[in-house]
Structures are given as C-alpha cells and as structure tokens.
Amino acid sequence: MKLRGGYILAATWVTIAAAGLFLYFFRRNAIQGELHSVLAFSLMGASLVYVLLGTVRALTLIPSTYLVIAALPFFPPFLLFGLSLIGILSSSAIVYLLAASFGFEERFEKGKHHAQVAKLRAALERHELPIIIGWSFFPLAPTDLICYVCGVLDINFPKFLLGILLGEGALCALYVFAGDSVLRVLQVRP
C-alpha cells in the first residue's frame, strides 16, 4: 500500500511534535540548560529566522497562530509579541500586494471560500476598518482571506495595515501573554 506524500508529511510532523513534547515535559532537565544557552547565544539569529518564517508564512496560507504557539517556550513574551507583529504585518502586506500573482484568486474566488469572498466584498464596501479589525481578530477566520480581498478591492493600504495591526495584534497579544502565563503555571518558564 502506497502512502500519499500528505500522509507521510503529517505523520512526520506528529512524530516530531510528540518527540518534542516528550522531551520538553519529561526530560526537560536534560535539555533545558542546553536550550537556554543556545537561545541566549543566538537570540538575534533566532529572532531573524522567526520573522522570516512569519513573513513567508503568507505564501503557504498557514495561520500565524501555529508559529506563535510553537515559539512561546523559546522567546520572552514581549519580544515574541513584537516579532510576531512584524511577521504578521509583512505577510499581510505580501498577500495584499501580490494577491493575483500567487494564485490566491484560484484558492479564494473559485475555491471553498467563494461565498465568504462575495459577502466580505459587499461588507467591506460599507465598513472597511471595522470589518478588517473584526475579521483579523476572529481566530477561526483566515486573515489571509481579508488581506486578499482588501488587495483586490484596492482598500487604502495604511488603513488596511492598521486594521490588521489592531485585530491580529490583539489576538496575538492574547496568545502570547496567556500562553506565557500557562507556561509559568506549568513551571515550564521561570
């Protein structure tokens, strides 16, 4: 029986995640000192990699939430929040500016989000900023979709970025600071 590439990728991801969680929660003492010394030595490098991943994430249409949650144990909360905002704004700008160039039209206009796109266009014509903020804050709505629609409708770019900053920024702050609190309660972070 031949497995598809997607199943292999998913199994690999689950295995790596399970191994990481096992090491982190059950063998923490063995790796914690090494991990902190590596991160302290290369915090600038790790920050650059994180922002780069946050920026190119837009091309994969993977939600930024996964990246933020994965980085929680490795960055101080205020630094992670700032880096996440840079990644979110840059990836949103990419989708806005290059929506037609990367085939997002095929994905959104003709794909499973067709009905959402039509409703979103109609609503945006009346209430641009509140819609962008609300859509960006709602965790189950794909922010890349609002970025695409705003790009196609040629919504004012600074207004668009402000809406993304307010909506995604509030959601990101919730993830980062609530996640940091959970890590402290679990005594994963001092």
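A few points on the structure. Note that the coordinates shown come from a computational prediction; the quantities given were computed from them, not determined experimentally. (Residues numbered from 1 in each chain as written. Predicted model: local features only at pLDDT ≥ 70, side-chain atom pairs only at ≥ 80, totals over all residues. Heavy atoms only, no water.)

What to know about the packing of aromatic side chains
Scanning the model with the defined rule gives 6 aromatic pairs in all. When the ring of Y50 is compared with that of F75, the centres are 5.5 Å apart and the planes differ by 55°; the resulting orientation is tilted. Note that Y50 is positioned in helix α3 (residues 43-60) and F75 in the loop between α4 (64-71) and α5 (77-98), a separation of 25 residues in sequence. The buried category is assigned to F75, whose relative accessible area is 6%. When the ring of Y96 is compared with that of F157, the centres are 4.9 Å apart and the planes differ by 50°; the resulting orientation is tilted. Here Y96 is found in helix α5, whereas its partner F157 is found in helix α10 (residues 157-185), with 61 residues between them in sequence. One aromatic cluster is present, formed by F78, F81 and F177 through successive ring pairs. (Phe/Tyr/Trp six-rings, centres within 6.5 Å; stacked < 30°, edge-to-face > 60°. Helix = DSSP H or I, 4+ residues; strand = E, 2+ residues; numbered from the N terminus. Buried < 20%, exposed > 50% of the residue type's maximum accessible area, 1.4 Å probe, protein only.)

What to know about the packing of α5 against α10
In a packed pair of helices, the relevant descriptors are the angle between the two axes and the axis-to-axis distance. Where α5 contacts α10, the two axes come as close as 9 Å, and the packing angle between them is 145°. The handedness of the crossing between α5 and α10 is right-handed. Counting all contacts with α5, which are made through P77, F78, L80, F81, S84, L85, I88, L89, S92, A93, Y96 and L97, the residues of α10 involved are F157, F160, L161, I164, L165, E168, G169, C172, A173, V176, F177 and D180. (Axes fitted to C-alpha atoms, helices over the stretch in contact; angles between N-to-C directions. Left-handed = near helix turned anticlockwise from the far one by under 90°. Contact = heavy atoms within 4.5 Å.)

Comments concerning the packing of helix α7 (residues 114-126) against helix α8 (residues 128-137)
At a minimum axis distance of 6 Å, the contact between α7 and α8 shows a crossing angle of 135°. Judged by the inter-axis angle, α7 sits oblique to α8. Contacts from Q116, L120, A123, L124 and R126 of α7 reach α8 at E128, I131, I132 and W135. The residue makeup of the contact of α7 with α8, split by class, is 6 nonpolar, 1 polar and 2 charged. (Parallel < 35°, antiparallel > 145°, perpendicular 65-115°, else oblique. Nonpolar A, V, L, I, M, F, W, Y, C, P; charged D, E, K, R; others polar.)

Here's the deal with the nonpolar core
Ranked by internal contacts, the top residues of the largest apolar core, which has 33 residues, are I146 and C150. The set of elements that each furnish at least two residues to this core consists of α3, α4, α5, α7, α8, α9 (143-153) and α10. No other element matches the 6 residues that α9 contributes to this core. If we skip the residues at most four places from it in the chain, C150 touches Y96, L124, I132, I155 and F160. (Core = buried A, V, L, I, M, F, W, Y, C linked by side-chain atoms within 4.5 Å.)

Some remarks on α5
Every α-helix winds through 3.6 residues per turn, so residues three or four apart in the chain are directed the same way. Between its terminal C-alpha atoms α5 stretches 31 Å, which fits the 32 Å expected from 22 residues at 1.5 Å a residue. Burial in α5 covers these residues: P77, L80, L83, S84, L85, G87, I88, S91, S92, A93, V95 and Y96. (Expected span 1.5 Å × (residues − 1).)

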